[in-house]
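Architecture at a glance
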Amino acid sequence: MSYEIFLQHLSNGIALGSLYALIAIGYTMVYGILRLINFAHGDIFMVATYVMFYGVTMFFMPWGVAVVVAILLTGALGITVERLAYRPLRNSPRISVMISAIGASYLIENLSIVIFGGRPKAFPIPEFFNHVSHIGSISIPRANFFIPVITFVALVILLYIVNKTKTGMAMRAVSKDYEAARLMGINVDNIISITFGIGSMLAAVGGIMWGIKYPNLIPLLGLMPGLKAFIAAVIGGIGNIKGAVLGGFLLGMSEIMIIAFLPSLTGYRDAFAFILLIAILLFKPDGLLGKNVTEKV
Amino acid sequence: MLNKNNLIKIGLIMVTGIVLAILNATLGRYQLRILNLAGIYIVLGLSLNLINGFTGLFSLGHAGFMAVGAYASALLTMSPAQKSVNFFVKPIVPFLANIEIGFLPAIIIGGVVAAIVGAVLAAPILRLKDDYLAIATLGFGEIIRVVFTNTQSLTNGALGLKGLPSYTNTGYTWTIVIITIAFMFSLRRSSYGKAFMAIREDEIAAESMGIDLFKHKLLAFTIGSFFAGVGGALLAHLMGTIDPLMFRFLMTFNILLIVVLGGIGSISGTIISAIIVTISMEWLRFLDGPIDLGFAVIHSVPGMRMVLFSLLLMIVILYYQHGLMGQDEITLEFVKEKLKRFKKKEA
């Protein structure tokens, strides 16, 4: 493999990794606070792409306006899912909450099939992103430059919110100790809603960029990226935002590189992430950046 | 040991047999198909109930183990001629090309292969808990599916297998159903079953009472996979064609719906809900087509049926977590107790 082709794959790997990272943050934030895999996260991500589609093609919104609308609506959807499907089960066994999460995910998918239709739709890509840069013999679409930049900006904003604001402090407190945070006068329910909102908005950003890169929209589009992003979150150490980003990049990059170096394994691409997950769970169950938590009786 | 209880049980099985024989003789082909499907879903529901309900291992890889059973049995029952028709992209591996065996051994081999695959895959991950285990088993389901899509000379890849002999009939299905039910009841009464439930209630307490967690979890998973494989084999020979897409997560979801609706951990609940879910899945097909309300016609909205089922799962888990039966069983004692209370009320 020549140096140029390697660079080509590298740019694709970085772009895919950033997308996984953005979705993984949503999983990791929710898991950090509720100890719950939000199975519906991938579907929330999918809804964002459809909101963009309908905003631009049906309501003739300018692209920028549609982006804002999509991010806000997706955030609202995330909060709604939490309120309807997870909040009533706050004190139930974990298995019930997980079944509820799976149910929510299926409900969103099937509702999308009914509302949006099963036929694939084309994501509206603005003129700006149609540009392809040629550097030497490699060609890089403009999206490949912008996706990592936007991910980075979103990450900086998020880390600012989590580490510097009062809400962020409350979020950290709730994830450390739910009961103690409540005793300290933190409105836990509100904080959980905010967490879902922020996570879903990041998923929306990821969804919009996913649409630019892979413009074929189907209602089940969120399934695989959602699962892989969750795996990315586990690889990085679930509950850890930087870990989720690291895991996202690792997964995206290795997925692209495996196909690049071993083309005969292309068909096994979707299985690779799961094999990696099981390997991580076996040898370093707390992930790369996770803290080791011992079980107390 | 022909005491009264056993006599009643034998009588019940005979009555079931007679009812099924009558149904088998009177129902049309479509209804018979649903009857078989209901039986298959009972087997599948019970096998997932063993893993999820008895032992408390949240497994989401059931469809994958079904796929193993379905493919293993299908490759054994198909005639060599049919195989060579199917495998036109790449020839089938030589050792399977000329095998053709009967249905019953094929079902058993399908179940055994699924059990072996289940045990081998589960062994390393059984120390994971709750959601990690769920995601890892979900991963297994996906890995099995992806592998089957890519092993062209073994499974015919994405093209699937067509023209399976349609061996599944009411006799086969419901004999297996009754054996499965009897097995599940006696398993739960045995020391193994008690250990499974102890693990479900509190792993740490169970371990400190001397229960070997790994051994029992592996056993539950292996038995569950065996019955999943048997169910898969029956389903394959009912459908006549199989392909990897059939065994997506949707399949696991349907079985999970059955278990949750029936009450996680209840055998009789699973049986009842398997029958209800299978019949209503067919009956509600009209929802996907156009609906005539008399004054207006709703255009057909494909997918409405699945929306309803996902809503149903949500409602059960949110407001009615016990499902139909909770962890109760309809046993002779249960019926007697109810009758006694009923009589008291009358008096």
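Residues numbered from 1 in each chain as written. Chains lettered and ligands numbered in written order. Predicted model: local features only at pLDDT ≥ 70, side-chain atom pairs only at ≥ 80, totals over all residues. Heavy atoms only, no water.

1. With respect to the overall build of chain B
Within chain B one finds 16 helices and two strands. In summary, chain B has a C-alpha radius of gyration of 21 Å against a globular reference of 20 Å for 347 residues, a match within 12%. Within the span of chain B, comprising 347 residues, buried residues form 52% of the whole. Of the accessible surface of chain B, which amounts to about 15,800 Å², a share of 69% is contributed by carbon and sulfur atoms. (Helix = DSSP H or I, 4+ residues; strand = E, 2+ residues; numbered from the N terminus. Rg over C-alpha atoms; globule rule 2.2 N^0.38 Å. Buried < 20%, exposed > 50% of the residue type's maximum accessible area, 1.4 Å probe, protein only. Areas by Shrake-Rupley, 256 points an atom, 1.4 Å probe, with all protein chains shown as cover.)

2. Topic: the interface of chain B and chain A
On the side of chain A, 43 residues touch chain B, which itself brings 43 residues to the contact. Summing both sides of the interface, chain B and chain A together bury roughly 3,700 Å²; the carbon and sulfur share of this comes to 78%. The three residues of chain B that bury the most area against chain A are D131(B), Y132(B) and I135(B), which together make up 17% of that side's buried surface. On inspection of chain B and its partner chain A, the count reaches zero salt bridges. Where chain B meets chain A, there are five residue pairs in polar contact (both at pLDDT 80 or more). Looking at the side of chain B that touches chain A, the elements that each hand over two or more residues are α7 (130-150), α13 (249-262) and α15 (304-319) of chain B. Looking at which element gives the most residues to the side of chain B that touches chain A, the answer is α7(B), with 14 residues. For the side of chain B that touches chain A, the class distribution of residues is 31 nonpolar, seven polar and five charged. (Contact = heavy atoms within 4.5 Å. Buried area = accessible area lost by both parts, 1.4 Å probe. Salt bridge = Lys/Arg side-chain N within 4 Å of Asp/Glu carboxyl O. Polar contact = N/O pair within 3.5 Å; in protein donor to acceptor, adjacent residues only side chain to side chain. Nonpolar A, V, L, I, M, F, W, Y, C, P; charged D, E, K, R; others polar.)

3. A short note on helix α6 (residues 103-122) of chain B
The end-to-end C-alpha distance of α6(B) is 28 Å, a good match for the 28 Å that 20 residues give at a rise of 1.5 Å each. Every buried residue of α6(B) is listed here: F103(B), A106(B), I107(B), G110(B), G111(B), A114(B), A115(B), G118(B), A119(B) and A122(B). (Expected span 1.5 Å × (residues − 1).)

4. Some words on the packing of aromatic side chains
Residues and elements named next belong to chain A. Inspection of every chain in the model, using the stated rule, returns 22 aromatic pairs over all chains. Cluster of aromatic residues (ring-pair linked, three or more members): Y20, F45, W210 and Y214. Between the NZ or CZ atom of R142 and the centre of the ring of F128, over which it lies, the distance is 4.6 Å. (Phe/Tyr/Trp six-rings, centres within 6.5 Å; stacked < 30°, edge-to-face > 60°. Lys NZ or Arg CZ within 6 Å of the ring centre and 35° of its normal.)

5. Structural notes on empty space enclosed by the protein
Rolled over the atoms, a probe with the dimensions of a water molecule shows which regions are left empty. All names here are of chain B. Within the structure shown, the criterion is met by one cavity of 30 Å³ or more. In terms of lining, the largest cavity is formed by L60, G61, A63, G64, L138, G141, E142, F247, R248, F249 and T252. When contributions to the lining of the largest cavity are tallied by element, the ones reaching two or more residues are α3 (62-77), α7 and α13. Per-element tally for the lining of the largest cavity: the top contributor is α7, with three residues. Of the residues that constitute the lining of the largest cavity, the class distribution is five nonpolar, four polar and two charged. (1 Å grid on protein atoms, 1.4 Å probe; cavity = no way out; pocket = protein on both sides within 12 Å on 5 of 7 lines; lining within 4 Å. Points joined across faces, edges and corners; volume = space filled by probe spheres on them.)

6. A word on a positive patch on the surface
Residues and elements named next belong to chain B. Among the surface-exposed residues, K4, K336, K338, K340, R341, K344 and K345 lie close enough to one another that they form a single positively charged patch. With six residues, the single largest contributor to the positive patch is helix α16 (residues 332-346). The class for K344 is exposed, based on a relative accessible area of 67%. (Patch = residues over 30% accessible without salt bridge, like charges linked within 9 Å, V, L, I, M, F, W, Y side chains within 5 Å. Lys, Arg positive; Asp, Glu negative; His and termini not counted. Charge placed at Lys NZ, Arg CZ, Asp CG, Glu CD.)

7. A closer look at the pairing of strand β3 (residues 138-141) of chain A
Residue and element names in this part refer to chain A. Burial along β3 is one-sided: the residues I138 and I140 are buried and none of S139 and P141 is. Sheet analysis places strand β2 (residues 132-135) next to β3, joined by four bridges and oriented antiparallel. Bridge pairing in β3 links I135 to I138. (Pairing = 2+ DSSP bridges.)

8. Things to note about the pattern of salt bridges
For the structure on display, the rule yields ten salt bridges over all chains. Where E255(A) meets K228(A), a salt bridge forms, and the shortest distance between an N and an O atom there is 3.2 Å. With a gap of 27 residues between them, E255(A) in helix α10 (residues 241-261) and K228(A) in helix α9 (residues 223-236) connect regions that are remote in the sequence. Overall, the relative accessible area of 4% leaves K228(A) in the buried class. A salt bridge links R145(B) to E142(B), with the nearest nitrogen and oxygen atoms 2.9 Å apart. One end of the pair, R145(B), and the other, E142(B), are both in helix α7, three residues apart, so they sit about a helical turn from each other. Residue R145(B) is classed as buried on the basis of its relative accessible area of 16%. Residue classification places E142(B) among the buried positions, given a relative accessible area of 8%. Counted as one network, the salt bridges with shared partners bring together E82(A), R87(A), R90(A) and D189(A).

9. A look at the nonpolar core
In terms of nonpolar packing, the biggest core is built from 202 residues, with I25(A), F39(A), Y86(A), L60(B), L161(B) and I242(B) touching the most fellow members. Considering each element in turn, this core owes the most residues, 15 residues, to helix α1 (residues 3-34) of chain A. Aside from chain neighbours lying at most four places away, what touches Y86(A) is L36(A), N38(A), F39(A), A40(A), V81(A), V97(A), S100(A), A101(A), A104(A) and F196(A). Judged by nonpolar contacts, the second largest core, of five residues, contains A195(B), I199(B), A206(B) and L213(B). (Core = buried A, V, L, I, M, F, W, Y, C linked by side-chain atoms within 4.5 Å.)

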